[in-house]
Amino acid sequence: MNLPLRLLAGALSPAGRRARLSVLIYHRVLDRPDPYRRGDPTVAEFDWQMALLAREFTVLPLADAVARLAAGTLPARAACVTFDDGYRDNLTLAAPVLRRHGVPATFFVATDYLDGGTMWNDSLIGAVAGAPDGTLDLADLDLPRCEITDVASRRACLNTLLPAVKHLEPARRADVVARISERCRMDAPPQLMLTSPELQALHGQGFEIGAHTCSHPILTRQDDATARRELADGRARLGEITGVTPRLFAYPNGKPGDDYDARHVAMARGLGFDAAVCTAWGAARRGDDPFQIPRFTPWDASPLRWHARLAANLSRRDTWPARV
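Residues numbered from 1 in each chain as written. Predicted model: local features only at pLDDT ≥ 70, side-chain atom pairs only at ≥ 80, totals over all residues. Heavy atoms only, no water.

A.B. asks: What should I look at first to understand the state of the cysteines in this one?
C.D. replies: When the sulfur atoms of two cysteines share a covalent bond, that bond is a disulfide. Taken as a whole and assessed by the stated rule, the structure comprises 1 disulfide. One disulfide in the model links Cys146 with Cys157; its S-S distance is 2.4 Å. With the S-S bond torsion at 85°, the cross-link from Cys146 to Cys157 turns out right-handed. With Cys146 in strand 6 (residues 146-148) and Cys157 in helix 6 (residues 151-166), the pair connects residues that are 11 residues apart, well separated along the chain. (Disulfide = S-S within 2.5 Å. Helix = DSSP H or I, 4+ residues; strand = E, 2+ residues; numbered from the N terminus.)

A.B. asks: When you look at the packing of helix 2 (residues 43-56) against helix 4 (residues 89-101) in this model, what are you seeing that I'm missing?
C.D. replies: The angle between the axes and the distance between the axes are what describe a pair of packed helices. For the pair helix 2 and helix 4, the least separation of the axes is 10 Å and the interaxial angle reads 30°. By the angle class used here, helix 2 and helix 4 are roughly parallel. Considering only the axes of helix 2 and helix 4, their crossing is right-handed. Of helix 4, the residues touching helix 2 (which contributes Val43, Phe46, Asp47, Met50, Ala51 and Ala54) are Leu93, Ala94, Val97, Leu98, Arg100 and His101. (Axes fitted to C-alpha atoms, helices over the stretch in contact; angles between N-to-C directions. Parallel < 35°, antiparallel > 145°, perpendicular 65-115°, else oblique. Left-handed = near helix turned anticlockwise from the far one by under 90°. Contact = heavy atoms within 4.5 Å.)

A.B. asks: Whenever I open this one, helix 10 (residues 262-270) confuses me. Can you help?
C.D. replies: Side chains three or four residues apart in an α-helix point the same way, a direct result of the helix having 3.6 residues per turn. Buried residues of helix 10: His264, Val265, Met267 and Ala268, and no others. Taken end-on, helix 10 shows its buried residues confined to a sector of 160°, consistent with a single buried face. Exposed residues pointing more than 90 degrees away from the buried face of helix 10 are listed as Ala262 and Gly270. Considering only its buried residues, helix 10 is in contact with helix 9 (224-242) and strand 8 (248-250). (Buried < 20%, exposed > 50% of the residue type's maximum accessible area, 1.4 Å probe, protein only. Arc of directions from axis to C-beta.)

A.B. asks: Sorry if this is basic, but what is going on with helix 9 here?
C.D. replies: Under the 1.5 Å per step criterion, the end-to-end length of helix 9 is 27 Å for 19 residues, consistent within 8% with the ideal 27 Å. Inspection of helix 9 places Thr226, Ala227, Glu230, Leu231, Gly234, Arg235, Leu238, Gly239, Ile241 and Thr242 among the buried residues, and these make up the whole buried set. Structurally, helix 9 contributes buried residues whose contacts are with strand 4 (106-109), helix 8 (196-204), strand 7 (208-211), strand 8 and helix 10. Regarding helix 9, its N-cap is Asp223, as a side-chain oxygen of that residue lies 3.1 Å from the backbone nitrogen of Ala225 further along. (Expected span 1.5 Å × (residues − 1). Polar contact = N/O pair within 3.5 Å; in protein donor to acceptor, adjacent residues only side chain to side chain.)

A.B. asks: Got a minute to help me understand the nonpolar core in this structure?
C.D. replies: Inside soluble globular proteins, nonpolar side chains tend to come together where they are buried. Ranked by internal contacts, the top residues of the largest apolar core, which has 53 residues, are Phe46, Met50, Leu53, Val81, Phe83, Leu98 and Tyr251. Once you skip the residues sitting within four places of it in the chain, Phe83 turns out to touch Tyr26, His27, Val29, Phe46, Asn90, Ala94, Leu98, Thr106, Phe107 and Phe108. Residues Ala127, Val128, Ala131 and Leu161 belong to the second largest nonpolar core, which totals 22 residues. (Core = buried A, V, L, I, M, F, W, Y, C linked by side-chain atoms within 4.5 Å.)

In short, shape yes, function no, at least from these values alone.
This is the structure in structure tokens:
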């Protein structure tokens with residue numbers, strides 16, 4: 001136990017009406033380090049993170065925590081754990097660690113990628129990572145040319161391509177990624193996502209399943225009817241698979257104002273969700289909009305620095321419209 005950091009976190013997030021809620025966001029847990037996915041922890045790293053979190057914070061199910069935040073009854077140093085997208089390693093690697101440490105978690109799943117689907121970013125990473133050395137000329141796709149010779153140059157290429165492709169219209173994005181994959185000679189996309197039976201197994205272990213749309217679009221790039229259909233249909237499909245209609249929603253990509261706006265907050269509320277999470281940094285406070293709960297995960301490799309950054313995030317306040 002690090003007593004100064006525990007005291008700091010307790011002072012910034014006391015019990016009751018002045019409590020603040022830390023919500024962590026993950027996507028994957030890896031069996032070994034991957035130079036192209038440096039933001040995702042290995043299972044060993046995730047294990048010490050959850051051990052530290054369980055020891056130093058009071059970890060609650062997200063739905064309970066949001067309700068208690070509104071009621072002013074959160075315990076001191078309250079925290080939640082969430083995962084986005086629906087990767088298979090959430091079941092095979094993350095869930096055993098969570099159960100071992102007694103940590104509840106909510107898994108937000110984009111339904112179009114269940115049962116053999118592949119998210120566009122995974123296809124793009126796999127294509128560039130496995131591409132032969134040489135020049136990857138993408139000028140005809142309105143993308144820059146990449147010189148690929150080693151891991152560092154492949155990472156630099158991905159650092160350019162991923163943000164450029166992210167905000168394309170879904171059909172255009174799929175076409176661009178398919179063309180890049182063909183030029184990189186990638187035969188089959190990686191099979192990384194959950195199947196429906198695996199999602200049922202995850203839910204059966206006591207973890208909450210939340211909605212994350214169908215195709216993981218940038219909602220601000222969709223017309224209102226399409227955006228609403230993404231929210232409603234994704235939620236309905238998850239209910240069919242698990243037998244329980246999701247109460248919680250996560251905005252794809254989740255940056256307020258860029259990836260979603262007030263229209264989509266109203267859609268989530270109107271569809272009957274209890275709360276929604278975004279990717280603005282900070283910790284939620286009583287009176288904040290429960291449909292724009294911020295999330296943050298430290299990236300530090302040492303437990304001390306990881307703990308310190310998580311404690312410091314309690315005082316951070318991003319400028320997003322979080323008040324009711």
